[in-house]
Amino acid sequence: MRVRIADVAKYYAREACSMSGCRTLAGIVGDWRPIDYIAQDCLEYFKRVNVEGMRKAARKLGLEPKF
């Protein structure tokens, strides 16, 4: 399974709002804790290799990146 920049931005815009239940990241469905850890790891990776792309994807979904 591939996790792309847009997938991470979408996760933080739509899925990361609640602290319980199932969440989805790039087609991966599971308990919120492990999915959140994967999303955090992916975000850190994209911030290092393509910070401008991550910022652009976040802004498209109405998020204001603070990095």
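In short, a report on the structure. Since this is a predicted model, take the numbers as computed values, not measurements.

Let's shift gears to the pattern of salt bridges. Following the criterion strictly, the structure yields four salt bridges and no others. The closest approach of N and O atoms between K47 and E44, which form a salt bridge, is 3.2 Å. Taken as a pair, K47 and E44 lie in helix α2 (residues 32–49) at a separation of three residues, close to a single helical turn. Of the residues examined, E44 reaches a relative accessible area of 37% and is grouped as partly exposed. Put simply, R55 and E52 hold a salt bridge, and the shortest N to O gap is 2.7 Å.

Another aspect to go through is helix α1 (residues 5–15). Here α1 has its buried residues at I5, V8, A9 and Y11. Take α1 and look down its axis: the buried residues cluster within an arc of 155 degrees, on one side only. The secondary structure elements touched by the buried residues of α1 are β1 (22–25), α2 and α3 (51–60).

As a further point, take the packing of aromatic side chains. Per the counting criterion, the structure on display carries two aromatic pairs. Ring geometry for Y11 versus Y12: centroids 5.2 Å apart, planes at 85 degrees, classification edge-to-face. Overall, Y11 belongs to the buried group, its relative accessible area being 1%. A relative accessible area of 25% places Y12 in the partly exposed class. Ring geometry for Y45 versus F46: centroids 5.5 Å apart, planes at 65 degrees, classification edge-to-face. On the accessibility criterion, Y45 (46% relative accessible area) is partly exposed.

Cut-offs and rules
Residue positions within a chain follow its written sequence, with the count starting from 1. Confidence filtering applies because this is a predicted model: local features only for residues at pLDDT of at least 70, side-chain atom pairs given and counted only at 80 or more, and all residues used for totals across whole chains, interfaces and linings. Hydrogen atoms and water are omitted, and side-chain values are computed over all heavy atoms in the structure. Here a salt bridge means any side-chain nitrogen of Lys or Arg lying within 4 Å of a carboxyl oxygen belonging to Asp or Glu. Helix and strand definitions follow DSSP, with helices as H or I runs of at least four residues and strands as E runs of at least two, each counted in order from the N terminus. Classification of residues uses two cut-offs on accessible area relative to the type maximum, computed with a 1.4 Å probe and protein chains only: under 20% is buried, over 50% is exposed, and between them is partly exposed. For this quantity, the arc is that covered by the directions from the helix axis to the C-beta atoms. For this analysis, residues touch if any pair of their heavy atoms sits within 4.5 Å. When the centres of two rings from Phe, Tyr and Trp lie within 6.5 Å, Trp using its six-membered ring, the rings pair. Their planes under 30 degrees apart give stacked, over 60 give edge-to-face, and anything left gives tilted.

Read these as geometric descriptors, not functional statements.
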